Amino acid sequence: GKDTVDSLVGDVGSLSWVTTLLGILWPKLNESLANLVHDKLTPQLQHALPSPFKGARFERFTLGSGVPQYGEVEVTTQAENHVQVELDMSLSTDADILLDLGAGGICFGIRKIRFSGRLCIALKPLMSTLPVVGAMQIFFASQPRVEMKFMGLAAVAEIPGIERKLYAIVGDLLRNSIVLPNVKTIQLAKDEQILNPTSVYSQQPIGALYVKVVRAHNLAGTNWQMGIVDKFSSDPYCVLRLGTSSTRTSTVRNSNNPMWPVTERGAYFPVYHHDQELEIEVRDESQGLLSTKFISFLGRMKACKVRNLLSANADGGRMQHRIALDTSEVNSSMLHVNDPVNRGVPSELDILVEWSNLEASPFGFPTPHPALAALDHSQPDCLGLMMVELHSGMGFPEDSMEKGLRWRCFWEGAHEQPVTSQRGIPRMEKPNFDGLPMALTMSAPMMKVIDRLAERDMSGKDIASIVDFSEEVIVKYLRIKTEFERRRRDRLMQQANCLEVQWHQTLTLSLPRSQEVRLMLELLEGDKVIGTLDTSLLQEQLLEAREPERQSLHLLAPRGGGAARVGGLASWFFPECGRPPAE
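Throughout what follows, the structure given in this document is the object of discussion. Given the structure is predicted, the values throughout are model-derived calculations rather than measurements.

### Details of helix H8 (residues 460-467)
Part 1 of the reasoning: Listed as buried for H8 are Gly460, Ile463, Ala464 and Val467. Projection of H8 onto a plane perpendicular to its axis shows the buried side chains occupying an angular sector of 100 degrees, all on one side. Turned more than 90 degrees off the buried face of H8, the exposed positions are Lys461, Ser465 and Ile466.
Part 2 of the reasoning: Once H8 ends, the next one or two residues include Asp468, with phi positive near 65 degrees.

Okay, structure coming up:
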């Protein structure tokens, strides 16, 4: 599991331009975070809180004047046309955040935030023509650490779990936006003939990590009876997560030293960076509607980097680890006095892991090591990883952007969790401002000022005197803009549902061994399935071991769905746009 890179390591002083650049960007980032809170964090918080607090909102949100501090900067050459900058980032700032819970005037604030993580900036592809760098990706390899100091603790105490819910929502928001495999991309080169947008808006996995839970030792016992001294057990199962991929084991009944079946299959996780972290949580399964259990959490493995899991075995192959579980959050007051957790006996977990280097051998996974075969009799149910590239689609109505369009990809008949894309971005035609000064065309705020002054019927001469451009430039700008808006209105009147939406994302799935499964690609509006793609030709190519080609797939009505309502999000099925393909 070594990095295949030529690296140069320098201190912050030798690469001061990175610190300067990020210092300039920070005020803009502060502003964009406020927009993110309004657009994403607030709706998620309202959804998670009990019904009396569905009107919760942030009255104020600013991260204050604190500026991030940066540690050692590492620059690595990932490939001939790919350079990556990585640096440790930490922020401690006096925030001014006020959350109104929307009921009875209950409010509380956040006055201090600590944030730390390893920030990665990928510059790719490097080109021999301007602008030299095709795009810039910004992401964290593993989940950043966030700590918040609350004000108004009485208000927090009135709603049990509010602090935990807020941490969970912030964590999910970060994970689903800027933690691998999710990245933020700034595209610098616009010519798609020399730059494949999908290659810069998404990440390709460098390997796959196989993980199988074997057994656990000394778990907390949630099943016990008063007066019986040493008889207590649980019904444990494990939830495993790496990046945005997750899975769970089966449940072992009535044991606090469970051993999972040797025939149970492990899971393959796509890995995009050796600093990604594997997380495992052990939980207790409640049975029945009237369960009297008061404990569900039994412990967790502290997040462990992939490189640390593999460091003990430089030769590769399957290896076993025994890992201590963190049980500090187990509700020990509800356990038997003689429970292992109350007696200070450490809870432990045995797992098997194996690394498959897709950079060195991109086809298939290795055979399990014979020395550990007795712990894992399962027949691997996947042959390798499959990457589904989502490019773009035509024929969507403009109102489909309100809740966002995403794709969900999975194998019907398999046991794996579905993989879901990010929201698509509408491709909006822009005016051609060739011949105008770059000082104008590169400044969106300046163009907004000119547009607003023109709406007040000011002449080109008067506008020019205010914005410090010549009257000729202002008149030409307004003429181009007016003609563009006229063409756009005419096109919308003729074809109301022909918006192009772009995803430019790669979804990674395990390629199953069984031929009884079916590849599914569903289109989601919010969380509702509104269409599926016919993937029969694509699946035929995969089963015949032919290399799949980029192709256009037709959008079909969802299974079991009724007729589309007029003006609804299925309106692209109507004749004015036909049934346009989505790639």
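### Things to note about the environment of Asn342
Part 1 of the reasoning: Tracing the backbone through its elements, the reader meets Asn342 in the loop between strand E18 (319-326) and strand E19 (348-357).
Part 2 of the reasoning: Look at Asn342 and you get partly exposed, because its relative accessible area is 33%.
Part 3 of the reasoning: Sequence separation between Asn342 and Ser332 is ten residues; the distance between their C-alpha atoms is 6.5 Å.
Part 4 of the reasoning: Setting aside residues no more than four positions away along its own chain, Asn342 makes contact with Ser332, Leu335, His336 and Val337.
Part 5 of the reasoning: For Asn342, the side chain forms a polar contact with the main-chain oxygen of Ser332, separated by 3.4 Å.

### What about the sheet that holds E18?
Part 1 of the reasoning: Strand order in this open sheet of eight strands is E14-E13-E16-E17-E18-E19-E10-E15, and the pairing throughout is antiparallel. Lying at the two open borders of the sheet, with one neighbouring strand each, are strand E14 (245-248) and strand E15 (267-271). Between one strand axis and the next, the sheet turns by 30 degrees as a mean value, whatever way the strands run.
Part 2 of the reasoning: Direction of pairing for strand E13 (residues 236-242) relative to E14: antiparallel, over a ladder of four bridges. Following the sheet pairing, Val239 is matched in E14 by Arg248.

What counts and how
- Residues numbered from 1 in each chain as written.
- Predicted model: local features only at pLDDT ≥ 70, side-chain atom pairs only at ≥ 80, totals over all residues.
- Heavy atoms only, no water.
- Buried < 20%, exposed > 50% of the residue type's maximum accessible area, 1.4 Å probe, protein only.
- Helix = DSSP H or I, 4+ residues; strand = E, 2+ residues; numbered from the N terminus.
- Arc of directions from axis to C-beta.
- Contact = heavy atoms within 4.5 Å.
- Polar contact = N/O pair within 3.5 Å; in protein donor to acceptor, adjacent residues only side chain to side chain.
- Pairing = 2+ DSSP bridges.
- Axes fitted to C-alpha atoms, helices over the stretch in contact; angles between N-to-C directions.

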